[in-house]
Amino acid sequence: MALSARFSDSKREALERNSFIVLQHLNVVTGGDPESLAHLWRIADALGLPRPEIEEISAHLHERRFCVCSDTGPLISITDEGVNYLEHGAWRRRSVRT
């Protein structure tokens, strides 16, 4: 496998892993309530993630419909799909099973 392909795979795996961690934290902070908003920078600070990385992660979660990002500021909320994934689908993640 080419070095660039391995880097891409490792970067993708890191994004998936960190997205899962952020989604879990978002679920805890909001109590799993889609109406509750969390501040994205506070999540980044709590998890030790730089702002550019948390922005990439929130976009990734938004694309998968696991969260909604506010247009008016760095606010984020979990969706019913995000809660459902944590409650019923997360066991399918390779890093969770191993």
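Here goes a summary of the coordinates provided.

Cut-off values and rules
- Residues numbered from 1 in each chain as written.
- Predicted model: local features only at pLDDT ≥ 70, side-chain atom pairs only at ≥ 80, totals over all residues.
- Heavy atoms only, no water.
- Axes fitted to C-alpha atoms, helices over the stretch in contact; angles between N-to-C directions.
- Helix = DSSP H or I, 4+ residues; strand = E, 2+ residues; numbered from the N terminus.
- Parallel < 35°, antiparallel > 145°, perpendicular 65-115°, else oblique.
- Left-handed = near helix turned anticlockwise from the far one by under 90°.
- Contact = heavy atoms within 4.5 Å.
- Nonpolar A, V, L, I, M, F, W, Y, C, P; charged D, E, K, R; others polar.
- Buried < 20%, exposed > 50% of the residue type's maximum accessible area, 1.4 Å probe, protein only.

Comments concerning the packing of helix α2 (residues 40-47) against helix α3 (residues 51-63)
- At a minimum axis distance of 10 Å, the contact between α2 and α3 shows a crossing angle of 115°. Taken together, the axis directions place α2 and α3 in an arrangement best described as roughly perpendicular. In the packing of α2 onto α3, the handedness of the crossing is right-handed. Each of Leu40, Trp41, Ile43 and Ala44 in α2 lies in contact with α3, whose residues at this interface are Arg51, Ile54, Glu55 and Ser58.
- In terms of residue class, the contact of α2 with α3 is made up of 5 nonpolar, 1 polar and 2 charged.

Quick look at the environment of serine 58
- Counting through the fold element by element, serine 58 comes out in helix α3.
- Judged by its relative accessible area of 7%, serine 58 is buried.
- In this structure the C-alpha to C-alpha distance between serine 58 and proline 74, which are 16 residues apart in sequence, comes to 10.0 Å.
- Apart from the residues within four sequence positions on either side, serine 58 is in contact with Leu40, Cys67, Cys69 and Ile76.

Scope: geometric values only; no functional claims are made or implied.
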